[in-house]
Amino acid sequence: MNKECMVTAFSERVYELCSRVPRGKVTTYKAIAMALGSRGYQAVGQALRCNPYAPSVPCHRVVASDGGIGGFMGCQRGDEIGKKVRLLCSEGVEVVEGRVDLEKYFVGV
DNA sequence: GAGTCATTCGTTG
DNA sequence: CAACGAATGACTC
């Protein structure tokens, strides 16, 4: 079930919001979904799942509502996710136990 | 119309 | 406090 990237109006909006997040900060799927005026939390993740704007759109800057690393480039649980943590750490975000301090790094849209 | 998905919330143990 | 299931919105076939 590996399809090409689905770039639609909704996903475009998600990519734009992701790009809006300043470096060293992170946003949540919920925040993006709310920014779009929808509750499709999964729809947001789905768009990031195959983000055609890859490094341009830092999908790793998007985390779960509790600061947990949702997934990264199709990898939900695995060492590949470590790369996402590595990126966040490189950006200045402190990732602890695969979680981020939303109180400090969460930025609204 | 049915199934899928990187989520979230609410209830129950 | 932890875990499970149900709900939600969007995209593809």
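Please read all numbers here as calculations on a predicted model, not as lab measurements. (Residues numbered from 1 in each chain as written. Chains lettered and ligands numbered in written order. Predicted model: local features only at pLDDT ≥ 70, side-chain atom pairs only at ≥ 80, totals over all residues. Heavy atoms only, no water.)

Q: Describe the pattern of salt bridges, with residues and values.
A: Here the structure, examined in full by the defined rule, presents 1 salt bridge. As a salt-bridge pair, Arg-61 and Glu-91 come within 2.9 Å of each other at their nearest N and O atoms. Of this pair, Arg-61 sits in the loop between helix 3 (41–49) and strand 2 (62–63) while Glu-91 sits in helix 4 (residues 80–91), and the two are 30 residues apart along the sequence. By relative accessible area, Arg-61 is classed as buried at 10%. The exposure class of Glu-91 is buried, given its relative accessible area of 14%. (Salt bridge = Lys/Arg side-chain N within 4 Å of Asp/Glu carboxyl O. Helix = DSSP H or I, 4+ residues; strand = E, 2+ residues; numbered from the N terminus. Buried < 20%, exposed > 50% of the residue type's maximum accessible area, 1.4 Å probe, protein only.)

Q: Kindly report on the protein's contact with DNA strand B, identifying the contributing residues and their values.
A: Taken together, 15 residues lie near DNA strand B, and Tyr-29, Gln-42, Leu-48, Ser-65 and Gln-76 sit nearest. Taking the atoms of DNA strand B that fall within 4 Å of the protein, sugar and phosphate contribute 50% of them. Gly-71 is positioned such that a nitrogen or oxygen atom in its backbone is 3.5 Å from a base nitrogen of DNA strand B. The separation between a phosphate oxygen of DNA strand B and a polar side-chain atom of Gln-76 is 2.3 Å. Of all the secondary structure elements, the ones that give two or more residues to the surface near DNA strand B are helix 2 (29–35) and helix 3. Top element by residues in the surface near DNA strand B is helix 3. It accounts for 6 residues. Considered class by class, the residues forming the surface near DNA strand B number 7 nonpolar, 6 polar and 2 charged. (Near = heavy atom within 4 Å. Polar contact = N/O pair within 3.5 Å; in protein donor to acceptor, adjacent residues only side chain to side chain. Nonpolar A, V, L, I, M, F, W, Y, C, P; charged D, E, K, R; others polar.)

Q: Describe the protein's contact with DNA strand C, listing the residues and the values that go with them.
A: What surrounds DNA strand C is a group of 10 residues, the closest being Thr-8, Phe-10, Gly-40, Gln-42 and Ala-43. Of all atoms in DNA strand C that approach within 4 Å of the protein, 79% are sugar or phosphate atoms. Here Thr-8 contributes a side-chain N or O atom positioned 2.5 Å from a phosphate oxygen of DNA strand C. A distance of 3.3 Å separates a base nitrogen of DNA strand C from a polar side-chain atom of Gln-42. In terms of residue count, the dominant contributor to the surface near DNA strand C is helix 3 (3 residues).

Q: Run through the packing of aromatic side chains, naming residues and quoting values.
A: Under the definition given, this model contains 1 aromatic pair. Consider the rings of Tyr-15 and Tyr-53, whose centres lie 5.4 Å apart with planes at 35 degrees: the pair is tilted. Here Tyr-53 lies in the loop between helix 3 and strand 2 and Tyr-15 lies in helix 1 (residues 9–20), a separation of 38 residues in the sequence. You can call Tyr-15 buried: its relative accessible area is 3%. Taking the relative accessible area as the measure of exposure, Tyr-53 reaches 40% and is therefore partly exposed. (Phe/Tyr/Trp six-rings, centres within 6.5 Å; stacked < 30°, edge-to-face > 60°.)

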